[in-house]
Amino acid sequence: MGDTFVIEAHGLTKRFKHVTAVDGLDLSIRRGEIFGLLGPDGAGKTTTIRMLCAIMDPSAGTARVAGFDTVKESEAIKQRIGYMPQQFSLYGDLTVLENLTFFADVFQVQRQEREKRIARLLEFARLTEFKKRRAAHLSGGMQKKLALACTLIHSPEVIFLDEPTTGVDPVSRREFWDILTELHLQGVTLFVSTPYMDEAERCSRVALMFEGSIIVNDAPERIKGLVEGELLELRPDDLRRASRLIADLPGVLEVQTYGDLLHVFVDEAARRAGEIERGLREAGIAVHGLRQTRPRMEEAFISLIRKRLAGGGE
Ligand SMILES: Nc1ncnc2c1ncn2[C@@H]1O[C@H](COP(=O)(O)OP(=O)(O)O)[C@@H](O)[C@H]1O
Ligand SMILES: [Mg+2]
C-alpha cells in the first residue's frame, strides 16, 4: 500500500455504448519504473491512460496515481503528472521557446525558476539551437521532443505518454527513447503506450493489452521466457506452401511469418531442423538460411495473442 506503488488500478473498466474499451484492469506500477503499455489499435490504451490521468471517469473499478484517487482527487493528480496525448497541441505559430513559455504559464511555473528550467529542457530535448524556430516548421520527431519538453515543464513525478513515437521515423524514435531512458535514470516514473513491439525491449516492465484486457504483464526477459519451445528461422522459396507443410510436421508448435522469413517454434530445434529441411526439399521447396534463433518480444506477443484468440487464455 501507500508509497510502494505510484500507479495502482483495481478492476478499472470503461464501457462505451457498444464496446468495453477497458475491461477490469489491475495494475501496480512502482516508482521509477518505465512501464510500457503495448497493444494494437483499439486495444484500449488511450482509454486506460485517460482514466489514469483523471481526465475520464471509469465505469467501474478504482485507480490511484501518486497516492490520490483519480475520481475523488483528480486536481491533486493533475498537478503531479505530465500527460502527453497522442495529438499533443503545440502552437504552430509560436516558436519552440514561446511554446515552452506558454506551458510554463499554464502550469504556473514560478518566474525565477522558469528561465533555468526552460534552458535545461531545451538542452535535454536537443532543441536549444532550434529555439527560435516556429513549431509548425519542426520535423515530426522534433515536434514530439518539444511536446515532451512542454509536458515536463512543471517537473511532474509521473509521466504518461500516449504513443509518443507513432508516425515518427526510426532514427527519431530511437532518439526519443534515449531521452525517455534518461528520464527513467533520473527516477521519474514513465507510463508509455506504443503499438511498436520492439519498443517493449526498452521498458522495465511491459503489459500487452488486447481487446480491453491485459494478456501478460512482466519484464521483457520473462515474457520472452513464456514462449514454449525453441525457435527456428528459415527463408523458403515458396513461403505459403512451406508454411502449411511445416505446420503439419511432428514437433512443430507454431509457425509465424515475417516478410519472407518463417519463424517456426518446435519442441527441439536440433532434431527438427533436419526434418523440416528434408520435408521441404521432398516437396521441391528450396530452403535458405535455416538456423536456430532466440525469440524476440514480437514472437512472444504474437504467440500469446494467438493462444488468447484460440480460447487458451486463463
Ligand atoms: N469516446 C468513445 N466513444 C465510443 N467508443 C470509444 C471511445 N473512445 C474509444 N472507444 C472505443 O474503445 C476501444 C478502445 O479505444 P482506445 O482506448 O482509443 O484504444 P487504443 O488507444 O489502444 O487504440 C475502441 O474500440 C474504440 O473504438
Ligand atoms: Mg490510442
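Residues numbered from 1 in each chain as written. Chains lettered and ligands numbered in written order. Predicted model: local features only at pLDDT ≥ 70, side-chain atom pairs only at ≥ 80, totals over all residues.

Trainee: Report on the overall build of the chain, specifying residues and quantitative values.
Mentor: Across its full length, the chain holds ten helices and 14 strands. Considering only C-alpha atoms, the chain reaches an extent of 75 × 45 × 35 Å along its principal axes. Restricting to contacts in the chain with at least 6 residues of sequence separation, those with at least 24 account for 68%. (Helix = DSSP H or I, 4+ residues; strand = E, 2+ residues; numbered from the N terminus. Contact = placed C-beta atoms within 7 Å.)

Trainee: Give me the lowdown on the site of ligand 1, citing residues and values where you can.
Mentor: Surrounding ligand 1, one finds F16, V19, A21, G39, D41, G42, A43, G44, K45, T46 and T47. Ranked by the residues each element gives to the shell around ligand 1, the list is headed by helix 1 (residues 45-52), at three residues. In the shell around ligand 1, the residues fall into four nonpolar, five polar and two charged. (Near = placed C-beta within 6 Å. Nonpolar A, V, L, I, M, F, W, Y, C, P; charged D, E, K, R; others polar.)

Trainee: Got a sec to walk through the environment of D169? Specific residues and values, please.
Mentor: Tracing the sequence through the fold places D169 in the loop between strand 7 (158-162) and helix 6 (170-185). C-alpha of D169 to C-alpha of L90: the two residues are 79 residues apart in sequence and 19 Å apart in space.

Trainee: Give a description of the sheet that holds strand 5 (residues 68-69) that names residues and reports values.
Mentor: Within a sheet, adjacent strands bond to each other through the backbone by hydrogen bonds, running parallel or antiparallel. Reading across from one edge, 2-1-4-5 is the order of the four strands in this open sheet, with antiparallel pairing throughout. Two strands bound the open sheet, and with one partner strand each, they are strand 2 (20-30) and strand 5. With two bridges joining them, strand 4 (residues 60-65) and strand 5 adopt antiparallel strand pairing. By the bridge assignment for strand 5, V65 is matched with F68. (Pairing = 2+ DSSP bridges.)

Trainee: Before we move on, can you summarise the domain arrangement of the chain with the specific residues and values?
Mentor: Each assigned domain of the chain is listed with its residue range as follows: domain 1 (5-219) and domain 2 (228-294). Taking only C-alpha atoms into account, the centre of domain 1 sits 41 Å from that of domain 2. (Domains from an automatic or database assignment.)

Trainee: Account for the packing of helix 3 (residues 96-106) against helix 5 (residues 140-151), naming residues and giving values.
Mentor: Following both chains from N to C, one finds helix 3 and helix 5 inclined at 30°, their axes separated by 9 Å at the closest point. Comparing the axis directions of helix 3 and helix 5 gives the class roughly parallel. The two elements helix 3 and helix 5 meet at a crossing, and its hand is right-handed. Touching V96, N99, L100 and F103 of helix 3 are L146, A149 and C150, all from helix 5. (Axes fitted to C-alpha atoms, helices over the stretch in contact; angles between N-to-C directions. Parallel < 35°, antiparallel > 145°, perpendicular 65-115°, else oblique. Left-handed = near helix turned anticlockwise from the far one by under 90°.)

Trainee: Please set out the packing of helix 5 against helix 6 residue by residue, giving values where relevant.
Mentor: Axis separation between helix 5 and helix 6 bottoms out at 10 Å; the angle between their running directions is 15°. Classed by the angle they form, the pair helix 5 and helix 6 counts as roughly parallel. For helix 5 against helix 6, the interelement crossing comes out right-handed. In contact with G141, K144, K145 and L148 of helix 5, helix 6 contributes S172, E175, F176 and I179. Grouping the constituent residues of the contact of helix 5 with helix 6 by class yields three nonpolar, two polar and three charged.

Trainee: Residues and numbers for the sheet that holds strand 7, please.
Mentor: Sheet architecture is open: six strands sit in the order 6-7-8-3-9-10, paired in mixed fashion. The open sheet has two edge strands with one neighbour each: strand 6 (81-84) and strand 10 (213-218). In this sheet, adjacent strand axes meet at a mean angle of 15° when their direction is disregarded. The sheet contact formed by strand 6 and strand 7 spans four bridges and is parallel. Within strand 7, the position partnered with Y83 by the bridge is F160.

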